[in-house]
Amino acid sequence: MKRITIDPVTRIEGHAKITIHLDDNGRVTGTEFHVTQIRGFEKFTEGRPYYEMPGITARICGICPISHLLASSKACDAIMAVRIPPTARQLRELIHCAQMVQSHALSFFYLSSPDFLLGMDSDIATRNVLGVIAAHPELARDGIELRKFGLQIIESLGQERVHSSWIVPGGVGSPFSAHARDRILADLPAAKAIAERTIAFFKGALDSYKEEIEYFGSAPTMYAGLVDTPGNVQFYEGGLRFQKADGEIAADHIPAEDYANWIGEASLRESYLKAPYFKPQGFPDGVYRVGPLARLNVAQQCGFPKADAEFQEFHQRFGAPAHSAFLNHYARLIEIVCALEKIEMLLNSPQILDKHVRATAGVNSLEGVGMVEAPRGVLIHHYKVNEEGAIVWANLIVATGHNNLAIGRSIQQVSEHFIDGTKLHEGMLNRVSAVVRAYDPCLSCSTHANGQLALRIQLRAAGGELLDEIATG
Amino acid sequence: MPQKKLSVRIDGELISAVEGQTILQAARANGKRIPTLCDLEGLTPVGACRLCIVEISGTDRLFPACTTPVQDGMSVTTVSPKLTQYRRVSLELLFVERNHVCSACVSNGHCELQAMATEMGISTVRFAYNYPKLAVDLSHPRYVLDQNRCILCTRCVRVCAELEGAHVWEVTSRGIHSRIVGDLNQKWGDAKGCTSCGKCVQACPTGALAEKGWAVEEMVKKNDNISSLVRRRGVQA
Ligand code: FES
């Protein structure tokens, strides 16, 4: 028996390792996905004032701090038992949509596009964002512009591009200015045009990814995502919907505070990530996926004209629910379209400049749960406090955590299809890494630490001796 | 009786001072700045932080400007490589002693400790961090005491005693075990002597004492108010 280790997986956020077991004929017998960092946020926040949690937990991640700020602030809103001012809610949604745009642009253009623009087997030395800039300058420029658009909104609202502290318990820190609104509105048409160009390009190229679509984590699973009452995709508000693999709704409109009745968390031997599952189905049958694909699967529609046209085309081509993890890339582009339309709606809202943006209160409830859709899927912050407001217990369930088992299964499927242990080459292993990237996992989030990105692949014999090794910086 | 005039040199420049002034006061009166942290205008100086150290000709020792009285003919140096080195070490030791996590702190961007570190060009700390496990006292309805961020400057102790007259805060234990405590080591919320005036919060140079409910970066201290209150009331430091 032989074993291949991919350690760490590159072009993802965080640090992970994959082990692939081969039999003597070089056939895949099993795979493991290890997340090799440990999370400690739940422990070291004990004793801190609850209202510090948004600021502390935002530091879990430099890619989607806004998601943590939002989930955490919502949990704090619940502890304060306040309903935040309507304008604060809209402003939170606005910054959240902007984050969705910038994070999806990062995943699509910077991290994953090297695989499908340059080819899974292309030279590893240039299979990166710089290679994309050289080979497809137009597309690369679009990617940079789109990400910049999202970051500019975040900056104009939050005063900082990455670690803004503008989202606070009870609402937001300061009202929006007419000047900033008008500037974003002026830049919006260009951003929309980029989104449409990119999605048209991607749809045109879909036929060349037939094999990836078929084998990249295409095993049916359950899905979970937030929807509003009519079933529109929701990023900020809404209740949690679980959908069975055949499309039937398993549970609907679950409010944040009820999550624990529906989601169980199993500990795994080989990883620091816990594996959440849909409780009524048990473990491991209740494995579900979250994220862009899951959101488009559970919802009836996006609720905006351009996004809905794309939504329908997507499901016509790939079914409802669509199962291939590769389609997350497609779903990300549709969500960018949807987020841009939502940004436009919010900017044009008559209340958006209102000055009442923050509710104040002390501790009025000893427990609070906040739930939002992070770019990578459902994010839950759950805190318990004492009478004085000190955190006594915290639990965070992060998007990549929900997807943990599904990622493992997708790795198995890709490995079985693409890996032939008798003649190992880097392109095969890149496909294994690429399926992980399709989920755009954020392992710094899910384990709440960070690591370096470098790739080492080892092929070992049953006795442990090194048969083959491929390494990159 | 008119106070006696003294002649002093500060960084080579001849200035006139008044008997009874500290080096810091004389320097300030002549528009010269010396870095300080524990000092707050209007409160009795205690010389706790050692940031204001200066060189005095004729002696190898360094003296805290905030507590050393001027003497006639004194020649003081406030800027030198040696002083910079000592000031940096003092600051670095403040950082390693407790848990100063600026990124998650209410006072981030408005913190005197942080500003001083920036001014001294400190980007890394050369000593091992202590990582003590310290409590946060959230028992007061409006304010919070976070021992993690306390640098033991004792401004809170002094403002409470000298300006508010409540004498709630004290320092307990010695050396590295020293802690600010309220009313004979009660929780703040149980401290009967506390008038909830908030002067200690405004006087505190870091996020150790803060108003409740503020998010990261939102706590802006108004310690000018303390100094102007002192002036208006004519309290003698
Ligand atoms: S200001 Fe003089 S010792 Fe602190």
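Refer to the structure above for everything that follows.
What this report covers is the structure whose coordinates are included nearby. Everything numeric in this text was worked out from a predicted model, so none of it was measured.

### Digging into the overall build of chain B
Helix and strand counts for chain B stand at six helices and ten strands. The C-alpha radius of gyration of chain B comes to 19 Å, within 12% of the 18 Å expected for a compact globule of 237 residues. Sorting the 237 residues of chain B into buried and exposed places 49% on the buried side. Across chain B, contacts joining residues at least 24 apart in sequence account for 62% of those joining residues at least 6 apart. Carbon and sulfur atoms form 51% of the exposed surface of chain B, whose accessible area is close to 11,700 Å².

### Brief notes about the environment of Pro114 of chain A
All names here are of chain A. Secondary-structure assignment places Pro114 in helix α4 (residues 86-118). Note on Pro114: relative accessible area 0%, which makes it buried. It is 8.5 Å that separates the C-alpha atoms of Pro114 and Thr126, two residues lying twelve residues apart in sequence.

### Comments concerning the sheet that holds strand β13 (residues 377-385) of chain A
Residue and element names in this part refer to chain A. With antiparallel pairing, three strands are arranged side by side in an open sheet as β12-β13-β14. The sheet is open, and its two borders are formed by β12 (367-374) and β14 (391-397), each paired with just one other strand. Across this sheet, the average inter-strand angle for adjacent strands is 10 degrees, counted without regard to direction. Where β12 lies against β13, eight bridges are found, and the strand directions are antiparallel. Across the sheet, residue Val372 finds its bridge partner in β13, namely Leu379. In the packing of helix α3 (residues 65-80) onto the sheet, the strands contacted are β12 and β13, and the crossing angle to β12 comes to about 150 degrees.

Rules of the game
- Residues numbered from 1 in each chain as written.
- Chains lettered and ligands numbered in written order.
- Predicted model: local features only at pLDDT ≥ 70, side-chain atom pairs only at ≥ 80, totals over all residues.
- Heavy atoms only, no water.
- Helix = DSSP H or I, 4+ residues; strand = E, 2+ residues; numbered from the N terminus.
- Rg over C-alpha atoms; globule rule 2.2 N^0.38 Å.
- Buried < 20%, exposed > 50% of the residue type's maximum accessible area, 1.4 Å probe, protein only.
- Contact = heavy atoms within 4.5 Å.
- Areas by Shrake-Rupley, 256 points an atom, 1.4 Å probe, with all protein chains shown as cover.
- Pairing = 2+ DSSP bridges.
- Axes fitted to C-alpha atoms, helices over the stretch in contact; angles between N-to-C directions.

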